[in-house]
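Chain by chain, the residues:
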Amino acid sequence: MEDSRIALPIGITLDRFIKRKQEEFQYATGELSQLLRDIALAGKVVNREINKAGLINISGAIGTQNVQGEDQQKLDVLANIRFIRALTKGGEACAIVSEEDEEITDLKNQGRYVIAIDPLDGSSNIDVNVSIGTIFSVYRRITPVGSPVKKEDVLQKGIEQVAAGYLLYGSSTMLVYTTGHGVYGFTYEPSLGEYFLSHSDMIIPATGKTYSINEGSYNGFPESVKSYIQFCKDNNYSARYIGSLVADFHRNLLKGGIYIYPPTTKIPNGKLRLLYECNALAFIAEQAGGIATTGTQRILEVEPQEFHQRVPLFIGSKEMVEKAQSFHT
Ligand code: AHM
Ligand code: MG
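Residues numbered from 1 in each chain as written. Chains lettered and ligands numbered in written order. Predicted model: local features only at pLDDT ≥ 70, side-chain atom pairs only at ≥ 80, totals over all residues. Heavy atoms only, no water.

**With respect to the site of ligand 1**
Near ligand 1 lie 17 residues; those nearest to it are Asp121, Gly122, Tyr241, Leu245 and Tyr261. Gly122 places a main-chain nitrogen or oxygen 2.7 Å from an oxygen atom of ligand 1. Side-chain polar atom of Tyr261 to an oxygen atom of ligand 1: 2.6 Å apart, as the coordinates give it. Elements represented by at least two residues in the shell around ligand 1 include exactly β5 (113–121) and β13 (258–261). The residue makeup of the shell around ligand 1 includes at least three contributed by each of domain 1 (14–199) and domain 2 (210–326). (Near = heavy atom within 4 Å. Polar contact = N/O pair within 3.5 Å; in protein donor to acceptor, adjacent residues only side chain to side chain. Helix = DSSP H or I, 4+ residues; strand = E, 2+ residues; numbered from the N terminus. Domains from an automatic or database assignment.)

Next up, the structure:
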């Protein structure tokens, strides 16, 4: 019995939810379940560190740069360490590609899964007490278990994801994930140290009135994007742009809306990374009834060429993304 979108009661703990879901799949080994628990646990640790950021002097740039040449914040580094540690100890993942590391981390174990992760997205918002997030994708490895991990294990199309999700460290902390059978959201209760199901079988409204784009870069946008922005203004849409992809995406998932990071004259492929930002959110968007494209191509079908590849992103409510795309000639 492989039904997918089974209604489990709001308030059930994440642990129990994962267990119940696993029981529904005859041949499930429990490894993916354990992997999700590991990520959820690392999320608790990172959440604790983020909440301390204002209290102790751990926030702020530490003077090093990540592989994209951007300043790394201390918490980026810490989050990267926490997730890698949790996944290493868990043993289900054999390799990790992270925004913070140039090369793949081969965990040299018997794990069957590969993780692509942005350990702390929206890091420019850390110091200003604005929501940030973690984004992750899970793939099955292609090469034999136990052998050295190869590029092709990581460079898989988004359609090959077996699970994807994000943690949102906001006014409350949430874990939202999919294994390809609907999208489920869990809210973290810090005093109990537990995640509880708060959003069952999430569906993004087919349309909305919110558009999220960094209009400061307007002059460098393609004409099609400028025309879509004009359409939004003509229709009295609201502009909402947090500058943390997870937070902007999450709001649009709940309320309906579109998030766009287009190509610009300065950055022709946009800013966001295919493997550990766009694919995970595209999988979630589609599972929730939305869509995600580069403007011309389904994100989940983009063939990755390199670990830190960037792609333009148009994601959110189906009708809004379709409308935005209709301006492309
Ligand atoms: P990061 O991974 O370095 O944090 O960059 C990704 C972030 C997204 O969360 C956000 O939507 C976007 O960059 C904001 O970029 P910009 O300041 O160019 O609008
Ligand atoms: Mg990021």
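**So, the packing of aromatic side chains**
Applying the stated criterion across every chain yields a total of 12 aromatic pairs. Aromatic side chains Tyr241 and Tyr259 sit 6.1 Å apart centroid to centroid with 25 degrees between the ring planes, which places their arrangement in the stacked category. Taken together, the positions of Tyr241 in the loop between β12 (238–239) and α6 (245–255) and Tyr259 in strand β13 put the pair 18 residues apart, joining distant regions of the chain. Assessed through its relative accessible area of 31%, Tyr241 is described here as partly exposed. On the basis of relative accessible area, Tyr259 is assigned to the buried category, the value being 3%. Ring pairing ties together the aromatic residues Phe17, Tyr177, Tyr184 and Phe186, which thus form one cluster. Between the NZ or CZ atom of Lys151 and the centre of the ring of Phe307, over which it lies, the distance is 5.9 Å. (Phe/Tyr/Trp six-rings, centres within 6.5 Å; stacked < 30°, edge-to-face > 60°. Buried < 20%, exposed > 50% of the residue type's maximum accessible area, 1.4 Å probe, protein only. Lys NZ or Arg CZ within 6 Å of the ring centre and 35° of its normal.)

**A short note on the sheet that holds strand β9 (residues 183–189)**
Adjacent strands of a sheet form backbone hydrogen bonds with each other and so pair up, either parallel or antiparallel. Ordered in space as β4-β3-β5-β6-β7-β8-β9-β10, the eight strands form an open sheet in which the pairing is mixed. Single-partner strands in this sheet number two, and they are β4 (105–106) and β10 (194–199). Relative to the sheet, helix α3 (residues 74–90) contacts β3 (93–98), β4, β5, β6 (132–140) and β7 (163–169), its axis offset from that of β5 by approximately 155 degrees. Together, β5, β6, β7, β8 (173–178) and β10 form the strand contacts of α6, whose direction differs from that of β7 by roughly 105 degrees. (Pairing = 2+ DSSP bridges. Contact = heavy atoms within 4.5 Å. Axes fitted to C-alpha atoms, helices over the stretch in contact; angles between N-to-C directions.)

**Remarks on the pairing of β6**
Of all nine residues in β6, eight are buried; the element is thus mostly enclosed. Sheet analysis places β5 next to β6, joined by seven bridges and oriented antiparallel. Looking across to β6, one finds that Ile115 is bridged to Val138. Relative to β7, β6 runs antiparallel, the two sharing seven bridges. Along β7, the bridge assignment pairs Ile135 with Tyr166.

**Thoughts on the coordination of the magnesium ion (ligand 2)**
Those donors, Glu99 (OE), Asp118 (OD), Asp121 (OD) and Glu277 (OE), are the protein atoms that reach the magnesium ion (ligand 2), and they lie 1.8 to 2.6 Å from it. Read in sequence order, the donor residues coordinating the magnesium ion (ligand 2) give the pattern E-x18-D-x2-D-x155-E. In this pair, the class of Asp118 matches that of Asp121, namely buried. (Donors = N, O, S within 2.8 Å, 3.2 Å for Na, K, Ca; no water.)

**Thoughts on the domain arrangement of the protein chain**
Segmenting the protein chain into domains produces domain 1 (14–199) and domain 2 (210–326). Averaged C-alpha coordinates put domain 1 and domain 2 at centres separated by 22 Å. With 49 residues of domain 1 at the contact, the number on the domain 2 side is 33 residues. Interface of domain 1 and domain 2: buried area, both sides summed, is about 3,000 Å²; carbon and sulfur atoms make up 65% of it. The largest per-residue losses of area from domain 1 upon contact with domain 2 belong to Ile135, Leu155 and Tyr166, which jointly make up 20% of the total buried on that side. (Buried area = accessible area lost by both parts, 1.4 Å probe.)

**Comments concerning the sheet that holds strand β11 (residues 210–212)**
A sheet is described by the order of its strands in space; here five strands give the open sequence β12-β11-β13-β15-β14, paired in mixed fashion. Of all the strands in the sheet, just β12 and β14 (291–293) have a single pairing partner and so form its edges. Across four bridges, the pairing between β13 and strand β15 (residues 313–316) is antiparallel. By the bridge assignment, Tyr259 is partnered in β15 with Ile315. Sheet strands touched by α6: β11, β13 and β15. Its angle to β11, the strand with the most contacts, is close to 165 degrees.

**With respect to the pairing of β5**
Among the nine residues that make up β5, nine are buried, leaving the element largely enclosed by the rest of the structure. Bridge analysis of β3 against β5 gives five bridges, and the strand direction is parallel. Along β5, the bridge assignment pairs Ala93 with Tyr113.

**What about unusual backbone geometry?**
With a phi angle near 60 degrees, Asn129 is a residue other than glycine that sits in the positive phi range. Positive phi outside glycine occurs at Asp201, with the angle close to 45 degrees.

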